[in-house]
Each structure stands twice: as C-alpha cells, then as structure tokens.
Amino acid sequence: MTGNQKQPVDPPLAGVRVLDLADERGIYGSKLLADLGASTIRLESSHDDGLRKRGPLNKNGESLWYSYYASNRVVIEIDTESDHGITQLKKLVSKADIIIDTGIVNSITSTEFNLNDLNSKVVHVDVSSFGQNGPWKDFLAPDLIAGALGGSVAATGDINTTPIKLFGDQSFLVSGTYAAIAALTGLYDSYETGLGGRIDIPVHETIASTLEHVLMFALYPGFFPWADGKVLPRRGSLHWGNAYEVVPAIGGSIMVTPTPNVEKQIAWLVEEQVEEDLLDERYTALEHRQEFVKRIMTVLRKWVATKDAESFFHEAQSRHYPFGLVMKPNEVANNPHLKERNWWKEYPTENSVAKGPGDPYKFSRSVLNKPAKQITFTSLSENILNTIGWV
Amino acid sequence: MAELPFNGLRVLDFTHVLAGPYSTRILGDLGADVVKIMSEARHGPDGGTSSPYHAMWNRSKRVLQLDMTQPDARLICADLCNEADIVIDNFSPGVLDRWGIGYQVTAIENPSVIYIQMSGMGDSGPWSSYVSFAPTVHALAGLTYLTGVPGREDIGIGFSYNDHQSGLHGTVALLAALIERRKSGLGQRIELSQFEVGTTFNAPALLDFFANESITGPSGNELPFDQAAPHNCYPCLGTDRWIAIAIMSDDQWTRLIEKMGTPDWATGPSLAHVTGRLKNQTFIDQRISEWTQSRIAEDLMTLLQSNGVPAGVVQTGEDLVDNDPQLASSNFIFEYANEHPTLGKISGDRLPLHFEGTLIDKYSRPEIFGESNRQILKDWLDMTDDDINSNIQSGLIR
C-alpha cells in the first residue's frame, strides 16, 4: 500500500460550489458533480418544478426520477422574474464556482445582472438544444427530437420498425455528462488563470459526437462496401462491423461475437463439432473476410439457438468470450455481481427512500458520500448560506 | 481562457477500441499531451492506425510504438508512468500490474499520478473477470431489452453508445481527481466499471422496479413513465425518410392539428387531452402518417417548428455531415489541416464544447505507428538520439 491510500479523504469535489439552474438537458451534469461531493444548490421557481413530477413515481406519488437526478442538492425556491429573486440569485452567483444552466441566466433581462461583474471566476456552463446561434437555435427538442436530429434515432431499430429512440432521456444524459466535463475543465482553468467564463454546449452536437460508426460511414464513403452510400441502414442489434448480434437462445437472448479472437471461437465450435465449413482455407484470404464474418455469425446463431441462454452465457464468459445475456430490469436489479459490489444506493425522498444505481466509479482515496436527503428552502437567507457553508 | 486548459498535462494512454480513446481524445482536444502506447503486432480490434475507426477516436494524440511483450519496453513504460499526470487503460483488471507498471508501483515514485482503469466489470465481484465490448454491456445492463419494441429482444441501441458514455464518465472522474489533487498534492487510482456506467442509464426502470416491483418493457418511441402523445416517428416522402414528432402538451397538440388543416378526426374533445390521445395512439399515428408520407421531412419540420411544435427530421450520418444547416453554421465537421499518411485528406467532428474566448478549432490529425516515437522519448524522458537508436536496434521501438 502506498502512502496515498492510508487515509480516505473527502469526496474529490468537496468544497466546490455548484449552482444548478438546469432542466433535463443539464441536470445529469449537476448530479455528477453533486455526487462527487460538490456543494450543490438547485434553484427552482416553486415547489411545482416540472421535474418533481416526472415518472416513475413511488407509492406515495413522489417522483423517483427526481429523487435520483436531483440527488445531493439543497433546493432554494427563487422567482428569477422578480427583483427580489434577482437579488437572491446575484448573491448565490457571487459565491459559486460553477453554474450549470439551461438558459436561465440568458433569460434575465436586468441590466444589473452581469455574471462577470458579479463573479469573474465563476464557470458558467450553458446547455441548450442547438447553441446560441444558427437556423435551429429556437427549435424545440425534447429527447425524441434531440435524438432524431442528432442521429441516434436513425441508427436504432430495423427494417421492420420505425426508427426508435433510445430508452429514457439518453440524449440529455450525453449533454449532461458533457456539462460536467465542461464545468470541471473550466474550474481547472479558473484555478490556473483566476478567470471563469462561459461554456456553451449544444445538445445537438453532443449527440452527433457520440454515434460510433455513424459519422465514420459518412466521412469515409467507400471504405465499407456493405453501406448504402454514406449510411448504414438501421439493422437491429447487428453491429456495423457485422460481427456482433443478439440472437435467440433457449429461455432468452444472447449477444454473441467471434471477436476479439476468432481462432479461439472456431476452436470452441470445433470442440462442439458444429464448425461446419469454417475451416475452409478460402476464408483465410483477405478478400473473403466479410463473407467469413457472415458465415461464422450464421453458424453461431444456429449453435446458440440450441443452448440455454443463462448457463451458456456464463460458460462463454468462463472461456473469456465477450458474450452478453439480454437482461430485463428486474434481472439487472437482482444481478449478483452488482449486489456483491454493494453498488446500489438509497436516495431519500420526502417521505420514503428510493433505491437506484450507484456511482460508476470508485476512488482509492476519495470517498463518495451516501446521497443526502434533499432540503428545500422557500427563500434564501444568511442562515441558510451559513448552514450549507456558502459564506 | 487564452490557452487550452490542459496545456502541460501529460496523459499516458494504454486504451484501445472506443471507450478509452474517446476519453483521451477529449483530453487531447483540450490541450493535454496524450501519448498513446501502441504495438503494431497487437493493435487490437480497432484495426491499426490506418483504419478509419482508429482515425475517428485518436486525433489530438501522439503514438508511441512499443513492443510490450519485451521486458525492456515495459521499463520504458515505467519511466513514462513516472512522468505522467494521468495513466489510463481499458484492459481487464491486472494487465498493467503484470507489466510492472500498475498504480501501486508507479505511485511510489510518482505520488501525484492519477490512474484510471476502465474495465468492463470493475475490480471485484463474481463477474470481474468477464470480458465485454459495448454490445455486451448493452445486453447485460438492460439497454438492449429496453430500447426496442414489445415482443422483441434483438434490437437495442444501434451503435456503441456505452463506449462513448464510459469515455465521458471516465473523463469526469479524471477531472474530479485532478481538482482534488490541487488540494492534496496526491494522485489516486480510479476504478470505472463500464457495466455500471451502462446500468445507470436505465435508472428510471430500475428505480421503478425497486419501488413498485414493476418491470418496464420496451415501448418503441412511447414514453414509459411520462404522458405524451402523439410521440413517434412518421414516414415522409423519399426512401426511408422520417420525421419525429413529440407532442408534450395539449397546447402543442392544438398547434399540430392546426398545421394539419384541423382535420375532423382530430378535433373531437376525446383527443383534446393527453389521456384521450394515449388511448388512441395507434389511430392517431395512422392519421399522422397519412399526412406526412407525401411530404418532405425537412419542410414538415420547418412548418411545425415555426408553430411551436417539437418536430425533427430523423437524420442519418449523411444528413449530419452534408445537409445539417445547424452543424454547418458552427463548422462542426472540419477537414484536418494535414493529410493523413495513409488515409489522405480526412475530416472529423469538433469537440462539442464552446469556450468563451478560446476557439478550439485546431486538432492534430490522428498519427500512424511510430510517427512520434523519437520526439516523445525526447520530450518525456530526455532520451538522446543515441539512446533512441539503441532502442530501435534492439527492436523495442521503431
């Protein structure tokens, strides 16, 4: 053990002050920072903030969605359209290190509200659907529209379905994660330079940046003969490289692939005497590579169909094949690996406790706190600022 | 911000395929000196430095070609680790330890170093030795099951979403550790599980199961937990052209049917409220499809958005690169200033972060094997030409 690991320390962002002014497009960024230990104040216009009503709800009618995405926040209700509200907001801005925003600051028309004058060190991350300029800057884009215009929807589904959106608010989980990256980058820089500044994040660009092969097929036309020009038509789970696909087994479905070690995969097929013609020498020629990939996927599909899904998945993994069992939410919730890693977290609500995903990372020295119960104040006072350490 | 924020930060990159390279691409775009260790003999599933896939995720880095099967190459790596601010890998647990360059060893000489390991399953637990690519994680985390249509399990997300998200979350964790290091002066090791990253994205379904024992299923383009209708993709004129329409309020419904010419079927009180529309979704979707299928998707989008109706063309990669006026207005797709030695003139997509006062618009193109070997060893280890020539002769590097 090195000296670095003897004493667990506070969460990595302990002492960092974040002002969360975000809707769905940025709230996940605030969550990441808050869960990493940042002291995070969320401003809401009233107790009826729309996000507090988002499903799913628990049996008390409380939003489980909100309990998770607004974790570790102190909530203060401020009317940013009133002079009193602007005065309170100015006070918070003057003490913040980071603002995660989705357009609130821009909407304030008061000439006395100038971020740079109030706090030249503050990092202002502004997540918008399309950015501050351009022909679509005023377009409305809830998750489905963001995914459609961003390119994720066209790549999902198959010839027998419409294009399909990703489950949940995935578009905004991408922009939210980018918001956290922007905030910490800006903070790192402000420590060096003494200056904060504004960072714009168009949701649209973040989605277009995270499409794996989609831009590659458009930017490298001709490299992939199975493309339709610059586009690979949506085709269910069949991966763009043709070597990963979800196939039916007995009692479930499994994602199978002969990669990364095709020889090893063939050896297993030979062991089971189901290799068919895969040992044919012509498949070793580079020009027959794609034909071979299709052939081995056909053989795998036929073979896997005879196997019990769950036990076959574990057998494959015991041999270090990256196969994956298709799991439903209840199966994920009861996953023995996550259970043994003590991964799930409890998120206190007003009258109950929700259970949900934990953090996707662990730090060897810094300890991440358990989510604290959200506290809501109906106005800002010096007492509150003292209580939460924003003095 | 006058200079790039991470100028001077040294990142040693042992990653491959997409998740790790996407993280180090971001750090490199932001100014870090990212040195990617690669072996020509064992370059992994991303096809080597002349593949478009490698080129997509490995700009803003320099490539050091080392044969890690040789013990002396690992000694060079140990020296590089001692000079690094960040060491990143997405191998299965234990690979760097076996090479003698794991965190515990490096931290003795370099206590401020931050390591992150982005393995599939994390260090511990009964599945810790399980291996994965993004499609594996999609399946195990529930993403494949939940993204699709009822009755099918073989759709899922059509691209390696979780690889990108693992890279993004790895970057968040690294930056948090860098912020912490300013106070403590010490680095640490971060363990990231790509499976756990993927599982967080199904949070609503998992929260619902734990609270209500309700098992969420795939629901196509409908929202499983929120009331919105119509909310779907509709066919348009042309081959496989679609428009997405997402009516999130009764007011937007009124605006939609106004642009449709206020047809009789849509004006009854039963559809005025979302409850009635949810009961009649199939009927409504059919009527909207009849209206959209003879129209151009782009024209429909402009028509509907101009009336406050959320609508968007279902854009393909070709649309994004060639036809998207919004991306064109921010020069999102750009051509690298220098030609790639084997791929020729190539283009990429900009970092989607716009810093006030600092235009991040210069990206070094992806390198090929060995391109910066000599300069990296001089910059990081102060090696002389004689030292480098000796290592070349012994086959450690080229």
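Residues numbered from 1 in each chain as written. Chains lettered and ligands numbered in written order. Predicted model: local features only at pLDDT ≥ 70, side-chain atom pairs only at ≥ 80, totals over all residues. Heavy atoms only, no water.

*Asks:* I would appreciate a short explanation of the domain arrangement of chain B in the present structure.
*Replies:* Note: interface size is frequently given as the accessible area lost on complex formation between the parts. The domain boundaries assigned to chain B delineate domain 1 (10-200 + 332-393) and domain 2 (231-321). Computed over C-alpha atoms only, the centres of domain 1 of chain B and domain 2 of chain B are separated by 42 Å. (Domains from an automatic or database assignment.)

*Asks:* Got a minute to help me understand the domain arrangement of chain A in this structure?
*Replies:* Partitioning chain A into structural domains gives domain 1 (3-210 + 344-388) and domain 2 (244-329). Centre-to-centre, using C-alpha coordinates, domain 1 of chain A lies 42 Å away from domain 2 of chain A.

*Asks:* Sorry, what's going on with the sheet that holds strand β1 (residues 10-13) of chain B here?
*Replies:* Within a sheet, each strand pairs with its neighbour through backbone hydrogen bonds, oriented either parallel or antiparallel. Pairing within the open sheet is mixed, and its 7 strands lie in the order β12(A)-β6(B)-β5(B)-β4(B)-β1(B)-β2(B)-β3(B). In this open sheet, the two edge strands, each paired with only one partner strand, are β12 (361-363) of chain A together with β3 (62-65) of chain B. Strand-to-strand twist in this sheet, taken as the mean axis angle between neighbours without regard to direction, amounts to 20°. Relative to strand β6 (residues 189-193) of chain B, strand β5 (residues 114-119) of chain B runs parallel, the two sharing 5 bridges. Considered in β6(B), the bridge of B:Gln117 is made with B:Glu191. (Pairing = 2+ DSSP bridges. Helix = DSSP H or I, 4+ residues; strand = E, 2+ residues; numbered from the N terminus. Axes fitted to C-alpha atoms, helices over the stretch in contact; angles between N-to-C directions.)

*Asks:* I tried to follow the interface of chain B and chain A on my own but got confused; where do I start?
*Replies:* Opposite the 151 residues of chain B that make contact, chain A presents 142 residues. Taken together, the two surfaces of chain B and chain A that pack against each other cover about 12,700 Å², and 67% of this comes from carbon and sulfur. Connecting chain B to chain A are 8 salt bridges. Between B:Arg182 and A:Glu192 there is a salt bridge; the shortest N-O distance is 2.8 Å. The interface formed by chain B and chain A holds 59 residue pairs in polar contact (both at pLDDT 80 or more) in total. Residues belonging to the side of chain B that touches chain A are distributed by class as follows: 86 nonpolar, 45 polar and 20 charged. Where β12(A) lies against β6(B), 3 bridges are found, and the strand directions are antiparallel. Paired with A:Tyr361 across the bridge in β6(B) is B:Leu192. (Contact = heavy atoms within 4.5 Å. Buried area = accessible area lost by both parts, 1.4 Å probe. Salt bridge = Lys/Arg side-chain N within 4 Å of Asp/Glu carboxyl O. Polar contact = N/O pair within 3.5 Å; in protein donor to acceptor, adjacent residues only side chain to side chain. Nonpolar A, V, L, I, M, F, W, Y, C, P; charged D, E, K, R; others polar.)

*Asks:* Would you mind going over the packing of helix α7 (residues 170-193) of chain A against helix α8 (residues 161-184) of chain B with me for this structure?
*Replies:* When two helices pack together, you describe them by how their axes are tilted relative to each other and by the distance separating the axes. Taken N-terminus to C-terminus, the directions of α7(A) and α8(B) make an angle of 25°; their axes are 10 Å apart at the nearest point. For the element pair α7(A) / α8(B), the angle class is roughly parallel. The chirality of how α7(A) crosses α8(B) is left-handed. Residues belonging to the contact of α7(A) with α8(B) are distributed by class as follows: 16 nonpolar, 6 polar and 2 charged. (Parallel < 35°, antiparallel > 145°, perpendicular 65-115°, else oblique. Left-handed = near helix turned anticlockwise from the far one by under 90°.)

*Asks:* Can you walk me through the packing of aromatic side chains in this structure?
*Replies:* The description of an aromatic ring pair rests on the distance of the ring centres and on the angle between the ring planes. All names here are of chain B. Under the criterion given, the structure shown has 43 aromatic pairs over all chains. Where Tyr 53 meets Trp 57, the ring centres are 6.1 Å apart and the plane angle is 80°; that geometry is what we call edge-to-face. Of this pair, Tyr 53 and Trp 57 both sit in helix α2 (residues 52-57), 4 residues apart, which is roughly one turn of that helix. For the pair Tyr 53 and Trp 57, one class covers both residues: buried. Taking 5.2 Å as the distance between ring centres and 15° as the angle between the ring planes, the aromatic pair formed by Trp 127 and Tyr 130 counts as stacked. (Phe/Tyr/Trp six-rings, centres within 6.5 Å; stacked < 30°, edge-to-face > 60°. Buried < 20%, exposed > 50% of the residue type's maximum accessible area, 1.4 Å probe, protein only.)

*Asks:* Where do I start with the pairing of strand β4 (residues 86-89) of chain B in this structure?
*Replies:* Side chains on a regular strand alternate between the two faces of the sheet. Residue and element names in this part refer to chain B. Every second residue of β4 is oriented toward a common face, with Ile 86 and Ile 88 on one face and Val 87 and Asp 89 on the other, all of them buried. Sheet analysis places β1 next to β4, joined by 3 bridges and oriented parallel. Note on β4: the bridge partner recorded for Leu 12 is Val 87.

*Asks:* How do you make sense of the packing of helix α6 (residues 143-150) of chain A against α7(A) when you look at a structure like this?
*Replies:* All names here are of chain A. Where α6 contacts α7, the axes come no closer than 8 Å and their chain directions differ by 75°. On the basis of their axis angle, the class for α6 and α7 is roughly perpendicular. Residues Asp 143, Ala 146 and Gly 147 of α6 form the contact with α7, whose participating residues are Gln 170, Ser 171 and Phe 172.

*Asks:* Got a minute to help me understand helix α14 (residues 297-305) of chain B in this structure?
*Replies:* Each turn of an α-helix holds 3.6 residues, which means side chains three or four residues apart point in the same direction. If you check which residues of α14(B) are buried, you get B:Ala297, B:Leu300, B:Met301, B:Leu304 and B:Gln305. Mapping the buried residues of α14(B) onto a view down its axis gives an arc of 115°, with all of them on the same face. Next to the buried residues of α14(B) lie α6 of chain A together with β8 (242-246), α11 (250-259), α13 (281-292) and β9 (311-313) of chain B. (Arc of directions from axis to C-beta.)

*Asks:* How should unusual backbone geometry be read in this particular structure?
*Replies:* Peptide bonds are, in most cases, trans, and in most cases residues other than glycine have a negative phi. Residue and element names in this part refer to chain A. Gly 55 connects to Pro 56 through a cis peptide bond whose omega is 5°. Residue position: Pro 56 is located in the loop between β2 (39-44) and α2 (64-69). Between Thr 259 and the following residue, Pro 260, the backbone shows a cis peptide bond with an omega angle of 0°. Phi at Asn 342 is positive, roughly 55°, even though this residue is not glycine. Take Asn 342: it is sitting in the loop between α14 (336-340) and β10 (345-348).

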